[in-house]
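# Survey of secondary and tertiary structure
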Amino acid sequence: MSAEIVVVPHTHWDREWYEPFQRFRLRLVALLDEVLDTMEREPDYHFTLDGQLACVDDYLEVRPENRDRVAALVESGRLAVGPWQILLDEFLCSGENIVRNLELGMNRADKLGGAMAVGYLPDMFGHTAQMPQILRRAGLLHACVYRGVPSSVVTDAFAWVAPDGTALRTQYLPAGGYGNGAHLFEDPARLPERAAEFTERMREWHGPEGALLAMYGTDHSAPVRGLPGMVADIGARMDTLSGYIGAYSGDVDGLPRVSGELRSHARANILPGVISVRAHVKQAMGRAERMVERYAEPLATLWGGDWPGRFLDMAWWRLVDASGHDSVTGCGVDDTAQQVAARIAEAEHLGQAVRDMVTARLSATVPSDGVLVVNPTPATRRGVVLVDVAGLDPLVDPTGARVPAQTLEYAPTLLLDAEMDPATALTFIHGTELYGQHITGWSVDDGTLTFTVARESATAFNVAQLRGALDGVTRVRIVAEARRTVAALVETPPLGHTSIRPASPDTLRDTGPAPDGSVAGLDGSMAASGGSQEATVGSPAESGDERLASGGEGSTSGASAAMGAPVTGVRAEERALDNGLLRVEVAEDGTLALTGADGITLTGAGRIVDGGDVGDTYNYAPPAEDRIVSDPVSAELTLVCSGPLVAAFDVRRTYRWPAAGQGIEGTPEIPAAARTEATEEIVVDTRVELRAGEPYVRLHVSFDNRCSDHRVRLHVPLPTRATASHAEGQFAVVTRGLSSEGGCGEEPLPTFPASGWVAAGGVAALLEHVTEYELVDDGAELALTLLRSVGYLSRNLHVMRPEPAGPQLPTPAAQSRGLRSVSLALMPYGGSWAAVPPAAETFRHDLLVVPGTGDPSLDLPPAASGLSVTGDGVVMTSLRVRDGWHELRVVAVSESSVDAVISGAFTQARHADLRGRPGDPLPVSSGTVRLALRPWEIATIQLGN
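Since we're looking at a predicted model, the values are computed, not measured.

Let's shift gears to the overall build of the protein. In terms of helices and strands, the protein carries 14 helices and 55 strands. Here the protein has a C-alpha radius of gyration of 31 Å; the compact-globule value for 945 residues is 30 Å, and the two agree. Projected onto the principal axes, the alpha-carbon positions of the protein cover approximately 105 × 70 × 60 Å. Counting every position in the protein, which comprises 945 residues, the buried fraction comes to 61%. Once local pairs closer than 6 in sequence are excluded, the contacts in the protein between residues at least 24 apart make up 76%. Here the protein displays about 33900 Å² of accessible surface, and carbon together with sulfur accounts for 50% of that area. Taking the average location of the 78 positive side-chain charges in the protein and that of its 122 negative ones, the two points are 2 Å from each other.

Set out below in C-alpha cells:
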C-alpha cells in the first residue's frame, strides 16, 4: 500500500469571514509559527498553504524575521505557496481582476522560491468558463476544484474545456472536497481501518490503479505533530498538492470532458445567494474596477507622464484583496463587509487620483472657458455628454464646427441679496474667493454693494479700496456669471480626446443643413429643434438636480451612433419618448412598453416585485406564507426634459411592502415563516431617459429600503418566450437554460450572475455591476435582483439548504436598509446577441468631461487619437505599461474567428502571456497590427517603439 495514498497536509484559510481580517490574522500567525516549527523539526513534513500568497504576506507583515525560513521551505519543495494572491470569488470580479490576482500571486511566490504549479480553486462557489484558458496562458497545466462539478463527472480527474477550446487537466476533490482526508488520523488506534475505508471510497472515483489523494486539513486547521510517523504506519507517503498532481502530465486524452462554467449543485453547495446579498458592495466593486481598468491605466499609458505604477499597484492590491470568496461575496459578518467596502473605496480613490492627474495635464491645454472630453473606449465614438459652460453662446469643436447641444438647466445667478452690514460681507472674502467663485468686480449704488463673481477671474481685487467705499451701504448682493448645463453630442477619437467651448455665433463655421428630423454630426445643424443650432428645454429641471442624465460626478455619455450616420433627435410626447431607434411609452402603472426600430415590442417592463426572503447571506429562501407585492398604490409621471438630445420622465410609484419577516426561527407561537401584516410605505423613483443615437433606454431606480427580510426584483417581460439566456461573464458569454442541476441537497435555483449584460427572448439588460438574474414564468420574463435583505450570515434551519453554510450569526447590516439605487438599461434586439456587447461597452464606460484650465486666450487643441482596437466582437480589457512596453489585452467575444486591428503610435509588437512574459514578434505596418483570434481567445500583446 506504499503508493496507494498520498497525504497532503494543508489548511484552508478564510482570510476574513465570521470574524474580520485582523482577528483571523492573529490565529494565522499562531498557525504558521507552528507550521514552521513542525516542518523544521520533522524533515518529512510537507504542507500546502491553501494556494494563496495572502497567507504568507499577512504572516510576514507580523513576522518579517521569518521570511528566510519560509523561503527555504518553499525552495525545498516541502511548502507549497501560490499561485493565487487570494482565493477569489470568480463571478463577482472582472476577468482582468482574475488575471491580476494570478499574476500578483505567481510573481510574489517566485521571489520565495516558486509558485505551486496548480490552479488550486478549493472553495469557490462555482467556476467561470474561461478559467482553463486563463490558467494555461499563465503557464499552469492543472486545475483543482471542488464545488460546481456536474454529475456527469464520475472520476477524480476530467478535462475542463474553455470556450476557446483550451482543455486543462483538472483534479476533482470528491467525497469531502478539500477535507476528504481530514478525519484519517483522528484515532491512532484505528489507522489501518480508516485507511482501508478511505481507499475503498476513493477507488470508486480514481479507478484501480494509481495513488489516491488524501487532503488532510480543513478550515483554519493546524498541522498535527507526529503526522509523518502516522503516515508511515499506513504505508502512505506525504507530499504537497503540486507534488501529487505534478506526477501527471497535462495530457487530457481519455479524460471525460466538461465544457464551460461549473455551476452545478449536483455534488456540493454553490451558495448562489452571495451574488445578490449586500448589492451595494457589488456596485462599488464594479465602479472601482472600471475606474482602474478602463480609465486610470489606459489614460496613464497613453497620455500620462511618468508611469504611476506604485499608485496603480496599490489600487490593484486592494481590488484583488476585496475579491476574496468570503469578501466581496458579502457572506461574512458586518465588520468584515465594512472593511471590504473600505478597501474597494480606496481602490476607486486611487484610480480616480491617477485619472485626475492625467486629465489635469490634458485640460491645461484647453482654454478655461472650454471643456475636455476623453474617450475611454478604443473606437471612435459619438455620444452625449453633460457640460457646464458660461454664457449662452453655441458650442464649437476644435475645427470651429457647431456642436449639437441642448440646454438642460440654468445655474442661479443671484447668489445673495440681503440686508447686511458690509463689514460682515468682507469676512466672506478669502483672497479673491467669494461663495466658491472668484470676484470679477464690485460696485456701490444707492446703498447696495454688488459683487460680480465667476468660476475664474484675472481681475485684481483691492479690499482696501473697497473699504473706502462702504459708507452708507446696508445691502449686499452677489451676482454670478450666467452658466448652464448643456447636453452636447460630441465625437471623440479612440482612447483619445477632443474639446468644446462656447463661441460667438458670427465666428462659427458654416456647415450646412442636416437632413429633416435628424441631429447632424459635428458639422451640421439640428433640424430636430426647428432648424435652430441649439434647443432649450421649455421648463428646465430644478437647479441642483444631479440625476439629469442618470450619472454621477463628471458627465455621462451614451452609445456611439454609427460614425457618419445621421442621429435622429429624441422627443418627448405626453407619455412617450422616441429617438427613431427606440420608442418608450409609460403606462398608467409606471411600467414601460418598448418598441425597437425593427418592430420588436415588449410591454410591462420595469415592474417592481417585492417578496419575502427568510434565508441568509448564502441562499435565498421564501417564507412558507409569502406575500408578493407587485402593484403600486399610485403612480405619477413627470416630464424632466424633452429633447432633442436627451428626453426623460420621472416615474414615482408608491407601494406598501410588509415591514419584516416573522417566525424565521420557527417558534411555537409562529411555527412557519411569514411576513408581517404591518407594512411600510415605499416610494420607488425611476428616471426613464432616452438619448439621441442610443438603442436602449436608461433606467435609474432608487428607493429608501425601510423593510427587512425581503427581495426586490425588476421584471422585464420578454418579446419571445426564451428557452435560454446569454450573459456576459469573465472574458466570455455564457448560455444557460431555465433550470440548474441539483443533487447534493441545496435547492438548485436557476438564479445566475451577469457581469455587464444579460439577454434573452429579444431584450437585453445592460448592467453596471454583477447582477443576479433569473428567467421566470417558464421563460416569459427576466427578473433582475435589485436588493436582497437578510439578517443572518447563515441559518441552521434553511428551507433551501439542508446544512449550515457557516455559523448562525446576526448580520443586521445585510438588511441593506436606507437609500438604495441601481442604474441599468433595457435594449430590444433582433436575431443574435451580437449587437448587445457594443451597447454595453458604451453604457458602462461614460465619456469623461473635465473643465479646461488653460489660458482663455488659447485656441482649442486639435482632437487627438490614442489607440484604436477594432474588429467584430473584439473587446479591450486592459491597457497598461509594463517594462517600457504598452501591454494590451483583448478577447474575441465571438463564436467565430475574428481579426483584431490595432492602430497607434508604435513600431514594434510582440505576443505575451498573461504574466507579461514576451513571446513571438508581430508584424507592424504603418502603426497597425492585425491579430487573428480564435473564437473566445484571450490575447495579450505588447507594443513599443
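Having seen the model, we can carry on.
Attention now goes to the pairing of strand 28 (residues 582-586). Only one face of strand 28 is buried, namely the one carrying Leu-582, Val-584 and Val-586, since none of Arg-583 and Glu-585 on the opposite face is buried. In the sheet, strand 27 (residues 576-578) pairs with strand 28 via 3 bridges, with the strands oriented antiparallel. If you follow Asp-578 over to strand 28, its bridge partner there is Arg-583. Counting the residues in the hairpin turn of strand 27 and strand 28 gives 3 residues, including Gly-580, whose phi is positive at 85°. Of the pairings in the sheet, the one linking strand 28 to strand 29 (residues 592-596) comprises 5 bridges and is antiparallel in character. What sits directly across from Glu-585, in strand 29, is Ala-593. Here strand 28 folds back onto strand 29 in antiparallel fashion, the turn holding 5 residues, of which Gly-590 has a positive phi close to 90°.

Ranked by size, the top nonpolar core spans 64 residues in total, and within it Trp-84, Phe-158 and Leu-766 carry the most contacts. Setting aside residues up to four positions removed in sequence, Leu-766 forms contacts with Tyr-696, Gly-756, Trp-757, Leu-824, Ala-825, Val-836, Ala-839, Ala-840 and Phe-843.

Tallying each qualifying case throughout the model produces 15 aromatic pairs. With a centroid separation of 6.2 Å and 85° between ring planes, the pair formed by Tyr-146 and Tyr-178 is classed as edge-to-face. Here Tyr-146, found in the loop between strand 5 (142-145) and strand 6 (157-161), pairs with Tyr-178, found in the loop between strand 7 (167-172) and helix 6 (191-206); they are 32 residues apart in sequence, far enough to count as distant. Across this residue pair, the class does not change: Tyr-146 and Tyr-178 are buried. Through a chain of ring-to-ring contacts, the aromatic side chains of Trp-13, Trp-17, Tyr-18 and Phe-24 assemble into a single cluster.

Ordered by their spatial adjacency, 5 strands build an open sheet running 16-20-19-18-17, and the pairing between neighbours is mixed. Sheet topology places strand 16 (414-419) and strand 17 (433-434) at the edges, where each strand pairs with a single neighbour. Note: strand 17 against strand 18 (residues 437-445), 2 bridges, orientation antiparallel. Note that in strand 18 the partner of Leu-434 across the bridge is Gln-437.

Right, let's talk about the pattern of salt bridges for a bit. Taken as a whole, this structure holds 58 salt bridges when the rule is applied. The partner of Glu-841 in a salt bridge is Arg-294, and the shortest N-O contact between them spans 2.6 Å. Taken together, the positions of Glu-841 in helix 14 (residues 836-844) and Arg-294 in helix 9 (residues 279-303) put the pair 547 residues apart, joining distant regions of the chain. Each of the two residues, Glu-841 as well as Arg-294, counts as buried.

Right, let's get into the sheet that holds strand 53 (residues 918-922). In spatial order, the strands read 49-50-55-52-53; together these 5 strands make up an open sheet with antiparallel pairing. Each edge of the open sheet carries a strand with a single partner, namely strand 49 (874-882) and strand 53. Going from strand to strand, the sheet's axes swing by 30° on average, the running direction of each strand aside. Sheet analysis places strand 52 (residues 908-912) next to strand 55 (residues 938-944), joined by 5 bridges and oriented antiparallel. Looking across to strand 55, one finds that His-911 is bridged to Ile-941. On the sheet, helix 9 packs against strand 49 and strand 50 (885-892) and is oriented at approximately 55° with respect to strand 49.

A separate point is helix 3 (residues 67-75). Of all the positions in helix 3, only Val-70, Ala-71, Leu-73 and Val-74 are classed as buried. In an axial view of helix 3, the angular spread of the buried residues amounts to 165°, which keeps them on one side of the axis. Turned more than 90 degrees away from the buried face of helix 3 sit Asp-68 and Glu-75, all of them exposed. Of the surrounding elements, those touching the buried residues of helix 3 are helix 1 (21-41), helix 2 (54-62) and strand 3 (79-80). Phi turns positive, to about 85°, at Gly-77, one or two residues after helix 3.

Parameters and conventions
- Residues numbered from 1 in each chain as written.
- Predicted model: local features only at pLDDT ≥ 70, side-chain atom pairs only at ≥ 80, totals over all residues.
- Heavy atoms only, no water.
- Helix = DSSP H or I, 4+ residues; strand = E, 2+ residues; numbered from the N terminus.
- Rg over C-alpha atoms; globule rule 2.2 N^0.38 Å.
- Buried < 20%, exposed > 50% of the residue type's maximum accessible area, 1.4 Å probe, protein only.
- Contact = heavy atoms within 4.5 Å.
- Areas by Shrake-Rupley, 256 points an atom, 1.4 Å probe, with all protein chains shown as cover.
- Lys, Arg positive; Asp, Glu negative; His and termini not counted.
- Charge placed at Lys NZ, Arg CZ, Asp CG, Glu CD.
- Pairing = 2+ DSSP bridges.
- Core = buried A, V, L, I, M, F, W, Y, C linked by side-chain atoms within 4.5 Å.
- Phe/Tyr/Trp six-rings, centres within 6.5 Å; stacked < 30°, edge-to-face > 60°.
- Salt bridge = Lys/Arg side-chain N within 4 Å of Asp/Glu carboxyl O.
- Axes fitted to C-alpha atoms, helices over the stretch in contact; angles between N-to-C directions.
- Arc of directions from axis to C-beta.

Functional significance is not addressed by these values, which are geometric in nature.
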